Amino acid sequence: MVAETETPVEVPARAPARIGRAVAGERWIARILRGGALISGGLFLASLGMEVLPQSETVQVAIDTLRKGAASLLLVTPVARLVVAGTMLGLRGEWRYTLYAAGVLGLLAIAVGAGISA
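Residues numbered from 1 in each chain as written. Predicted model: local features only at pLDDT ≥ 70, side-chain atom pairs only at ≥ 80, totals over all residues. Heavy atoms only, no water.

Visitor: What am I meant to see in the packing of aromatic side chains here?
Guide: Aromatic rings considered in pairs are described by the distance between their centres and by the relative angle of their planes. Within the structure shown, the criterion is met by 1 aromatic pair. On the numbers, 5.8 Å between centres and 70° between planes, the contact of Tyr97 with Tyr100 is edge-to-face. Of this pair, Tyr97 and Tyr100 both sit in helix α3 (residues 95-117), 3 residues apart, which is roughly one turn of that helix. The ring of Trp28 carries the charged tip of Arg31 above its face, separated from the ring centre by 5.4 Å. (Phe/Tyr/Trp six-rings, centres within 6.5 Å; stacked < 30°, edge-to-face > 60°. Helix = DSSP H or I, 4+ residues; strand = E, 2+ residues; numbered from the N terminus. Lys NZ or Arg CZ within 6 Å of the ring centre and 35° of its normal.)

As structure tokens, then:
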């Protein structure tokens, strides 16, 4: 309740837009995580379904490819989430956290590069 002697505090006009962007960013992150998990699970299930086919070299290659694709997608999904989160934080003006996200992505790139060359 606002007394007669007090003036109500006004919310800046940009606040609803900022909240809307934050919610949209969270929705994108949820979609990426959900989509990555569902597609990866679908690939794993498809590889399990192919186990009932008559065994041949072609079937084995397809099963192996599906499983590697599923595992790779499962590993890449959190990286995509980090990219989206860093971008959304940057759009909200939270530069420190955007730099943290970029730093983590840089460390991941270095680790992958070192692992590939080893």
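Visitor: Help me understand the side chain of Thr98 in this model?
Guide: The residue Thr98 is located in helix α3 in this model. Under the relative-accessibility criterion, Thr98 is labelled buried at 18%. Residue contacts for Thr98: discarding those within four places in its chain leaves Gly86, Leu89 and Gly90. (Buried < 20%, exposed > 50% of the residue type's maximum accessible area, 1.4 Å probe, protein only. Contact = heavy atoms within 4.5 Å.)

Visitor: Looking at this model, I keep getting lost on a nonpolar patch on the surface. Mind explaining?
Guide: Residues Val79, Val83, Val104 and Leu108 make up a contiguous nonpolar surface patch of roughly 270 Å² in combined accessible area. Counting only elements with at least two residues in the nonpolar patch, the list comes to α2 (57-91) and α3. Mapped onto the elements of the fold, Val83 is located in helix α2. According to the relative accessible area criterion, Val83 is partly exposed, its value standing at 40%. (Patch = residues over 30% accessible without salt bridge, like charges linked within 9 Å, V, L, I, M, F, W, Y side chains within 5 Å. Areas by Shrake-Rupley, 256 points an atom, 1.4 Å probe, with all protein chains shown as cover. Salt bridge = Lys/Arg side-chain N within 4 Å of Asp/Glu carboxyl O.)

Visitor: Which parts of the structure should I look at to understand the environment of Gly36?
Guide: Looking at the element boundaries, Gly36 is found in helix α1 (residues 14-49). Take Gly36: its relative accessible area is 7%, and that puts it in the buried class. For the pair Gly36 and Thr77, spaced 41 residues apart in the sequence, the C-alpha separation amounts to 5.5 Å. With residues near it in sequence (within four places) discarded, Gly36 still touches Leu73 and Thr77.

Visitor: For this particular structure, what's the right way to read the pattern of salt bridges?
Guide: Once the charged atoms of two side chains with opposite charge are near each other, the side chains can pair. Within the structure shown, the criterion is met by 3 salt bridges. A salt bridge links Glu51 to Arg67; the nearest nitrogen and oxygen atoms lie 2.9 Å apart. A residue pair is termed long-range when its members are at least 10 positions apart, and Glu51 in the loop between α1 and α2 and Arg67 in helix α2 qualify at 16 residues. Two residues, Asp64 and Lys68, come together in a salt bridge whose shortest N-O distance is 3.1 Å. Taken as a pair, Asp64 and Lys68 lie in helix α2 at a separation of 4 residues, close to a single helical turn. For Asp64, a relative accessible area of 38% corresponds to the partly exposed category.

Nothing here speaks to function; it is all geometry.
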